[in-house]
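# Chain and residue survey
Each chain, letter by letter, is given below.
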There are 2 protein chains.
Amino acid sequence: MTTGRLLGIGVGPGDPELMTLKAVRCLREAPVVSYVSAHGQPSMARRIAAVHLPGTQREINLALPMEPLPELAQAAYDEGASRIGAELEQGRDVAVLCEGDPLFYGSFSQLLARLAGKYRTEIVPGVVSFTAAAAAARQPLIARSESFVVVPATLPAEQLRARLSQIDAAAILKLGRHLAKVRRVLDELGLLERAIYVERASTAQERVLQLTDLADHEAPYFALILLPRTPGVGR
Amino acid sequence: MTTGRLLGIGVGPGDPELMTLKAVRCLREAPVVSYVSAHGQPSMARRIAAVHLPGTQREINLALPMEPLPELAQAAYDEGASRIGAELEQGRDVAVLCEGDPLFYGSFSQLLARLAGKYRTEIVPGVVSFTAAAAAARQPLIARSESFVVVPATLPAEQLRARLSQIDAAAILKLGRHLAKVRRVLDELGLLERAIYVERASTAQERVLQLTDLADHEAPYFALILLPRTPGVGR
């Protein structure tokens, strides 16, 4: 019997209409869909894709443990890969739904590392959060010979400072409880005035404002900061 | 009379099926579509979107001059913005087709700078080339607390060296005739073995190989190099 294919499907930043035609086709055709849920919350990727799901598929919810312990997470990925592998062995394609793009952050690479050697694999790229945030802000990120840096807010302050000290333009992802630290670093680097805060880009809860106008002391995980090269032109 | 809306539509990396549902809807609904063509070549963005065009729209081809002189290009953008503005004044939406994403490199920001203050503007983000290249290579780009750097190959060698010397992972875009210079810099930095060459990702002409296996001395403009953090797992 032919084994099934492992499909990594990027579902984009939040708006179901920002899924690609290929993502929608592939996830509809697959008899099994899988997704990761973390912190006891429903899977964001499944929520984005929900309107496109036919409702007849087997679903594998890969729930990550509440405690952020690497070895528990690894065990959860092992178990998820084994459940997905069992479907692939039966010749069924499994579409793994991934927020944004499957290979740009996110947990799909954990499954890929465990399964790609054994099964045919196809990846459908998706729209990443920082381009959706730029669209929400109507803010060009880079042009011509400029460079762009993507850093996660989870880095220690000194590493953030080093990576942001010589930039043309940048995006700082995964803000969450790291907002205060990021603000401090941007202030030290003289970048505060350039910073645009974008929360839940492309969704009904979208917020776009200058970071200097943000009163909040914490941000959701799905918030980011853009440091564009040029001042905004479209707002 | 209400003026029309300026729509910046990301058409993605090359495969028409990697356009988003929203991009397809917006470009079909607009009475006017526009695109840039350069170097006397047909517009790549129009070619990507062609299967989705109803064939009844007015089209504005913004042809950039053959000579790469900044003042000639600026004059071409001025003229293009003025033609687009005339349609917007008549109350017609104009969908500007953009390869990849409208705000991540590309010439749309030139039009945005000239028109956004005067007309309502909406941006539809698109899949960028480096995630499509990672999908083609089945290669995770970054995970966890890693950073990512995007640099254009057009930079002078010493600037490339500076920007690539401390990376977790990176993509080098716009290779073209800069391939030899990039190879030299990667060799000096000890990054040659990590480099994956991807040409025309997501199209029928797609090529993926280790840079060390590439015999060519020049590359197309739509070729890039990935410097992933971790060795490939999916090939």
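Model, not experiment: these values are computed from the prediction.

## Comments concerning the environment of A:Val94
All names here are of chain A. Mapping Val-94 onto the fold places it in strand β4 (residues 94-98). Here Val-94 falls in the buried class, since 26 other C-beta atoms lie within 10 Å of it. Distance from Val-94 to Tyr-197, taken between C-alpha atoms, is 36 Å for residues 103 residues apart in sequence. Leaving out residues up to four positions away in the same chain, Val-94 has contacts with Gly-4, Leu-6, Leu-7, Ala-30, Val-32, Ser-34, Ile-84, Glu-87 and Leu-88.

## Focus on the relation of the copies chain B and chain A
Of the transformation placing chain B onto chain A, the axial shift is 0.0 Å and the rotation is 180°, giving an RMSD of 0.0 Å. The transformation just described matches what one would write down for a two-fold rotation axis. Ranked by how close their C-alpha atoms come to the rotation axis, the residues of chain B are headed by B:Thr20, at 1.9 Å. Here 100% of the contact residues of chain B are again contact residues in chain A; the copies associate through an equivalent surface.

## Concerning the sheet that holds strand β1 (residues 6-10) of chain A
All names here are of chain A. Taken in spatial order, the 5 strands make up an open sheet running β3-β2-β4-β1-β5, and their pairing is parallel. One side of each edge strand has no neighbouring strand; the edge strands of this open sheet are β3 (58-63) and β5 (121-124). Recorded for the sheet is a direction-independent mean angle of 20° between the axes of neighbouring strands. Across the sheet, helix α1 (residues 21-29) touches β1, β2 (32-37), β4 and β5, and the angle it forms with β1 is around 140°. Together, β1, β2, β3 and β4 form the strand contacts of helix α3 (residues 70-89), whose direction differs from that of β3 by roughly 165°.

## Comments concerning helix α5 (residues 129-137) of chain A
In terms of burial, α5(A) is a largely internal element, 9 of the 9 residues being buried. Along α5(A), the positions that sit buried rather than exposed are A:Ser129, A:Phe130, A:Thr131, A:Ala132, A:Ala133, A:Ala134, A:Ala135, A:Ala136 and A:Ala137. Tucked into the core, α5(A) has its buried residues touching β6 (148-152), β7 (169-173), β8 (196-199), β9 (207-210) and β10 (223-227) of chain A together with β5 (121-124) of chain B. Phi turns positive one or two residues past the end of α5(A), at A:Arg138, with a value near 50°.

## Things to note about the nonpolar core
Generally speaking, soluble globular proteins have nonpolar side chains that are buried together. Formed by 158 residues in total, the largest nonpolar core has its most connected members in A:Leu226 and B:Leu226. With near-sequence residues (within four places) excluded, A:Leu226 lies in contact with A:Phe130, A:Ala133, A:Ala134, A:Ala137, A:Gln139, A:Leu141, A:Ala171, A:Ile196 and A:Val198.

## What about the interface of chain B and chain A?
Contact residues are listed per partner, giving 44 residues for chain B and 45 residues for chain A. Only α1 (21-29), α4 (108-115), β5, α5 (129-137) and β6 (148-152) of chain B provide two or more residues apiece to the side of chain B that touches chain A. Here the element with the most residues in the side of chain B that touches chain A is β6(B); it accounts for 5 residues. For the side of chain B that touches chain A, the class distribution of residues is 29 nonpolar, 10 polar and 5 charged. Both β6(A) and β6(B) contribute to a ladder of 3 bridges, which runs antiparallel. Bridged to A:Val150 within β6(B) is B:Phe148.

## Points about unusual backbone geometry
All names here are of chain A. Positive phi is not limited to glycine here, since Arg-144 has a value of about 45°. Secondary-structure assignment places Arg-144 in the loop between α5 and β6. When the 13 C-beta atoms within 10 Å are taken as the criterion, Arg-144 is described as partly exposed. Residue Lys-174 is not a glycine yet carries a positive backbone phi of 55°. If you trace the backbone, Lys-174 turns up in the loop between β7 and α7 (179-188).

## A word on the pairing of strand β10 (residues 223-227) of chain B
Consecutive residues of a regular strand have side chains that alternate between opposite faces of the sheet. Residues and elements named next belong to chain B. Most of β10 is tucked away: 5 of the 5 residues are buried. Residues Ala-223, Ile-225 and Leu-227 of β10 are buried on one face, and the alternating residues Leu-224 and Leu-226, pointing to the opposite face, are buried as well. As paired elements, strand β7 (residues 169-173) and β10 share 3 bridges and run antiparallel to each other. Across the sheet, residue Ile-172 finds its bridge partner in β10, namely Ile-225.

## Quick word on the sheet that holds strand β3 (residues 58-63) of chain B
All names here are of chain B. Strands sit in the order β3-β2-β4-β1-β5 across an open sheet of 5 strands; the sheet is parallel. Each edge of the open sheet carries a strand with a single partner, namely β3 and β5. Averaged over all neighbouring strand pairs, the angle between strand axes comes to 20°, with direction disregarded. One ladder, built from 6 bridges, connects strand β2 (residues 32-37) with β3; its direction is parallel. The residue bridging Ser-37 from the neighbouring strand is Ala-63, located in β3.

Procedures and definitions
- Residues numbered from 1 in each chain as written.
- Chains lettered and ligands numbered in written order.
- Predicted model: local features only at pLDDT ≥ 70, side-chain atom pairs only at ≥ 80, totals over all residues.
- Helix = DSSP H or I, 4+ residues; strand = E, 2+ residues; numbered from the N terminus.
- Buried ≥ 20, exposed ≤ 12 C-beta atoms within 10 Å, placed from the backbone.
- Contact = placed C-beta atoms within 7 Å.
- Least-squares fit on C-alpha atoms with pLDDT ≥ 70 in both.
- Pairing = 2+ DSSP bridges.
- Axes fitted to C-alpha atoms, helices over the stretch in contact; angles between N-to-C directions.
- Core = buried A, V, L, I, M, F, W, Y, C linked by C-beta atoms within 7 Å.
- Nonpolar A, V, L, I, M, F, W, Y, C, P; charged D, E, K, R; others polar.

None of this, on its own, says anything about what the molecule does.
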